[in-house]
Amino acid sequence: MPSKTTLKRARQAARKGKRPTTQAGEFVREEMEHIRQGKHGARSTKQAIAIGLSKARRAGVKLPPPRPGQVSEKTRQSAKSAYRAGQTGQRRKPSSRRSRATLTALKREGHKAAAPTALARQARAAARRRQGRSGASKA
């Protein structure tokens, strides 16, 4: 469950008319903090970002799942399920056993995924992937 401050910041961004990705950024930032504090772990920066985006979808941010072909079908289905959970009003109490299992599994993972160097490497790689798109260059 995201912290109240994260939810507050995301809702504030929504009120200002910011894009869903900007709203979801708050959840990703919170996830990075959790990894740095040792509350969680992630094998890679990409996984840490994915966890944050999933939390955002579940919290109700209107961030649609990726289009077919962008990611694996399993990832797409997971994002679809998280999005549906966030858009439907009723909430079921999460299974305590499943939550605990997830938390312990994540704690066993590494904590370097949220290191500034890892984040910089991920950002540069993402920027390189965007380079080839038409109209992406401003100069």
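Anything mentioned here points back to the structure above.
Residues numbered from 1 in each chain as written. Predicted model: local features only at pLDDT ≥ 70, side-chain atom pairs only at ≥ 80, totals over all residues. Heavy atoms only, no water.

1. Section: the environment of L106
Here's step 1: Locating L106 in the fold gives a position in helix α5 (residues 96-108).
Here's step 2: A relative accessible area of 13% places L106 in the buried class.
Here's step 3: For the pair L106 and K39, spaced 67 residues apart in sequence, the C-alpha to C-alpha distance is 8.3 Å.
Here's step 4: When sequence neighbours within four positions are dropped, the list of residues in contact with L106 reads H40, G41 and I51. (Helix = DSSP H or I, 4+ residues; strand = E, 2+ residues; numbered from the N terminus. Buried < 20%, exposed > 50% of the residue type's maximum accessible area, 1.4 Å probe, protein only. Contact = heavy atoms within 4.5 Å.)

2. A word on a positive patch on the surface
Here's step 1: On the surface, K46, R121, R124, R128, R129 and R130 cluster together to form a positively charged patch.
Here's step 2: Per-element tally for the positive patch: the top contributor is helix α6 (residues 116-131), with 5 residues.
Here's step 3: Along the polypeptide, R130 turns up in helix α6. (Patch = residues over 30% accessible without salt bridge, like charges linked within 9 Å, V, L, I, M, F, W, Y side chains within 5 Å. Areas by Shrake-Rupley, 256 points an atom, 1.4 Å probe, with all protein chains shown as cover. Salt bridge = Lys/Arg side-chain N within 4 Å of Asp/Glu carboxyl O. Lys, Arg positive; Asp, Glu negative; His and termini not counted. Charge placed at Lys NZ, Arg CZ, Asp CG, Glu CD.)

3. Description of the pattern of salt bridges
Opposite charge on two side chains lets them pair, provided their charged atoms get close.
Here's step 1: With the rule as written, the count across this model stands at 6 salt bridges.
Here's step 2: Notably, a salt bridge pairs K55 with E31, separated by 2.9 Å at the nearest N-O pair. One end of the pair, K55, is in helix α3 (residues 45-58); the other, E31, is in helix α2 (residues 20-37), and 24 residues separate them in sequence.
Here's step 3: One continuous salt-bridge network, built from bridges that share partners, spans R9, E26 and R29.

4. Some points on the environment of A114
Here's step 1: Inspection of the secondary structure puts A114 in the loop between α5 and α6.
Here's step 2: Using a relative accessible area of 0% as the deciding quantity, one classes A114 as buried.
Here's step 3: Through-space distance from the C-alpha of A114 to that of E33 is 7.7 Å; in sequence the pair is 81 residues apart.

5. Considerations on α6
Here's step 1: With 16 residues, α6 extends 22 Å between its outermost C-alpha atoms, agreeing within 8% with the 22 Å of an ideal straight helix rising 1.5 Å per residue.
Here's step 2: For α6, every residue scored as buried is listed here: A118, Q122 and A126. For α6, the angular spread of buried residues about the axis comes to 70°, placing them on one side. Across α6 from its buried face, at more than 90 degrees, point the exposed residues P116, T117, R121, R124, R128 and Q131.
Here's step 3: In this fold, the buried residues of α6 make contact with α3. (Expected span 1.5 Å × (residues − 1). Arc of directions from axis to C-beta.)

6. A few points about the environment of G132
Here's step 1: Within the secondary structure layout, G132 lies in the segment after α6.
Here's step 2: In sequence terms G132 and L119 are 13 residues apart; their C-alpha atoms lie 21 Å from each other.

7. Examining the side chain of T45
Here's step 1: Its place among the elements puts T45 in helix α3.
Here's step 2: Using a relative accessible area of 8% as the deciding quantity, one classes T45 as buried.
Here's step 3: A polar contact of 2.9 Å, which involves the side chain of T45, links it to the backbone oxygen of A113.
Here's step 4: Beyond its immediate stretch of four places on either side in the chain, T45 contacts M32, A113, A118, L119 and Q122. (Polar contact = N/O pair within 3.5 Å; in protein donor to acceptor, adjacent residues only side chain to side chain.)

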